[in-house]
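Fold and geometry: a report
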Amino acid sequence: MTRRLSIARWDQIPAAARPPIDPRDLSVGIVHLGVGAFHRAHQAVYTQHAMIAAGAKTWGICAVSQRSRGVLDHLAPQDGLYTVVERGPATRFEVLAPLRELLFARDEQGALIERIAAAMTHIVSLTVTEKGYRHDPVTGRLDVYDEQIKADALGRPPRTVVGQLVRGLQARHRGSGAPLTVVCCDNLTGNGTTLRGLVRDFCDLLPAAEQPALADWVARNVTFPSTVVDRIVPSATAADRGDVAAYLALGDEASVVTEPFSQWVLEDTFASARPAWEAAGATLARDVAPYEAMKLRLLNGSHSALAYLGLLAGYEYVADVIAVDGVAAYVQTLMDVEVRATLSVPAGFDIMKYQLALLQRFANPGLRHRLAQIATDGSLKLPARLVGTIADLRAAGLDPRLSVLAVAAWMRFVSARCDDAGRPLPVDDPAAQRIAELLGGAVDPVTVVTRMLSLREVFGALGDDIGLRGLLVDALDRLTRFGAFETLRTEVEALP
Ligand code: CS2
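So, a few notes on the structure that sits alongside this text. (Residues numbered from 1 in each chain as written. Predicted model: local features only at pLDDT ≥ 70, side-chain atom pairs only at ≥ 80, totals over all residues. Heavy atoms only, no water.)

With mixed pairing, the 3 strands of this open sheet are ordered in space as 9-11-12. Looking at the sheet topology across the chains shown, the edges are occupied by strand 9 (227-230) and strand 12 (283-285). Neighbour-to-neighbour, the strand axes of the sheet open up by a mean angle of 15 degrees, direction not taken into account. Here strand 9 runs beside strand 11 (residues 263-267); their pairing, made up of 4 bridges, is antiparallel. Bridge pairing in strand 11 links T227 to L266. (Pairing = 2+ DSSP bridges. Helix = DSSP H or I, 4+ residues; strand = E, 2+ residues; numbered from the N terminus. Axes fitted to C-alpha atoms, helices over the stretch in contact; angles between N-to-C directions.)

Right, dumping it as structure tokens:
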């Protein structure tokens, strides 16, 4: 068996992949909730580069896993070290050192709360996916009827992310009282503002003796900058780990694979010190909203469209789907004609270049990005990615047919649960059970669309739009009769 990457073997790491910092010198200044592949390939990289650029040593990360021990079991024997594999025209390897402490939230709530409260912690950041917030994506409010949220508010050691955050803030308020910045890095609309609202909603659930002093302290001392994060990070495969082992001559069970592109835009409202992330390529902006809409609607909207249409057509990977005749034209037209009409582009931003780059990123042959990974949690992802575009187009009296086709593909995916050739497609969505009950086995387009539109947390008021219902029924009917790819080709050809 290959020897594993670890601090003791630091000097054996090939020089080109070894960062010019010593992991032993780093102290923890950031608590990160959700140490999945995305965090390891994005924020941790910015943090490492920022520390190198500024000669700083106080931005080590306490990496917290929410749902499974797996990632910690891989990282712990490696002292938190792991490799980022960047696949572009060439393949690059870089060992990452910032993860200096590992915690499993479910078993170590006390340690987590203490870490959030510690005066040396200046930042708590999060990548816990849409469903980690237990909120309604249309209203942006906390689901106060959620059993886990209610139990956390009653005072047990917290198991929900918002519960952990608020208990940590409460301990900080009672302790040093030092200001803190909470940096949400998930693909939510107005992610910082939304999370601030969820924290407030949770505070409202606490016994009267615990609030409003806490809510008041949070309002004065804790900031929640909104951020836009972007980097495609497919799940790493055994072949990827094999490449890393061959390159390092050391085993690495926690390596992550990504693309050369990376973007991070943060609202510049930090409550206290922060890493010099801008020295690592991040953008500090007064308003991130225009970047956010561009990213969520152009990139993630296209991703979701590709995922549902591609899975229905029997495909497995993004790069393979985008290569099929007509598919790139569909995505390009969706972006050009529909999404762009709903965006306000920041001055000086070259949107054509951005869109072109997106198509190239989707076509990256080095990334084996599974459509099934993108297709998860559609009920939580669609509002920000596609439903908002449709709502804006309808309000402006414009035709949303290509976006509608993507939503119809999602409806076919969750109702038929099989591809165009009849092979089963697993649905991984917290609302899957509810949707199955709502549909009651129905597959005819009118019933499916009518019932799906009643999901307020996905469609909000758009669910009452009779015209939209007609468009969706038509699209779903054609998807059912002609299959995904033939339908998308005729939709693009039918455009004026
Ligand atoms: C993807 C995103 O899995 C998904 O839903 O659309 O993870 C996407 O790859 C990232 O947002 C890219 O920045």
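Membership of the largest hydrophobic core comes to 124 residues, with the highest contact counts inside it found for W277, Y330 and W410. Viewed by domain, this core spans two of them, domain 1 (7-285) and domain 2 (289-494), each represented by three or more residues. Excluding residues that lie within four positions of it along the chain, Y330 makes contacts with A305, L309, L402, L405, A406, L488 and V492. Ranked by size, the runner-up nonpolar core spans 36 residues in total, among them C62, L112, L165 and W217. (Core = buried A, V, L, I, M, F, W, Y, C linked by side-chain atoms within 4.5 Å. Buried < 20%, exposed > 50% of the residue type's maximum accessible area, 1.4 Å probe, protein only. Domains from an automatic or database assignment. Contact = heavy atoms within 4.5 Å.)

Overall, the coordinates contain 32 salt bridges when judged by the stated rule. Residue E130 pairs with R385 through a salt bridge whose shortest N-O separation is 4.0 Å. With a gap of 255 residues between them, E130 in the loop between strand 6 (123-126) and helix 5 (147-153) and R385 in helix 15 (residues 378-395) connect regions that are remote in the sequence. Of the residues examined, R385 reaches a relative accessible area of 5% and is grouped as buried. Between E491 and R401 there is a salt bridge; the shortest N-O distance is 3.1 Å. (Salt bridge = Lys/Arg side-chain N within 4 Å of Asp/Glu carboxyl O.)

Let us now look at the site of the ligand. The ligand sits among 14 residues. The nearest are D230, K295, H303, K381 and R385. A distance of 2.8 Å separates an oxygen atom of the ligand from a polar atom in the side chain of H303. About the coverage of the ligand: the protein hides 88% of its 340 Å² of free accessible area. The set of elements that each furnish at least two residues to the shell around the ligand consists of strand 9, helix 10 (289-312), helix 14 (371-375) and helix 15. Of the residues in the shell around the ligand, the class split is 4 nonpolar, 5 polar and 5 charged. (Near = heavy atom within 4 Å. Polar contact = N/O pair within 3.5 Å; in protein donor to acceptor, adjacent residues only side chain to side chain. Areas by Shrake-Rupley, 256 points an atom, 1.4 Å probe, with all protein chains shown as cover. Nonpolar A, V, L, I, M, F, W, Y, C, P; charged D, E, K, R; others polar.)

With respect to the secondary-structure elements, E292 resides in helix 10. No salt bridge is formed by the buried E292; its nearest oppositely charged neighbour, R297, is found at 7.8 Å. Sequence-distant contacts of E292, that is, excluding residues within four places in its chain, are made with L188, T189, G190, N191 and V228. (Lys, Arg positive; Asp, Glu negative; His and termini not counted.)

This part covers the sheet that holds strand 7 (residues 180-184). Here we have 6 strands laid out as an open sheet, ordered 5-2-1-6-7-8, and parallel in their pairing. Two strands lie at the open edges of the sheet, namely strand 5 (99-104) and strand 8 (222-223), each paired on one side alone. Relative to strand 6, strand 1 (residues 28-33) runs parallel, the two sharing 4 bridges. Within strand 6, the residue paired with H32 across the bridge is S125.

Just distances and angles here, no functional claims.
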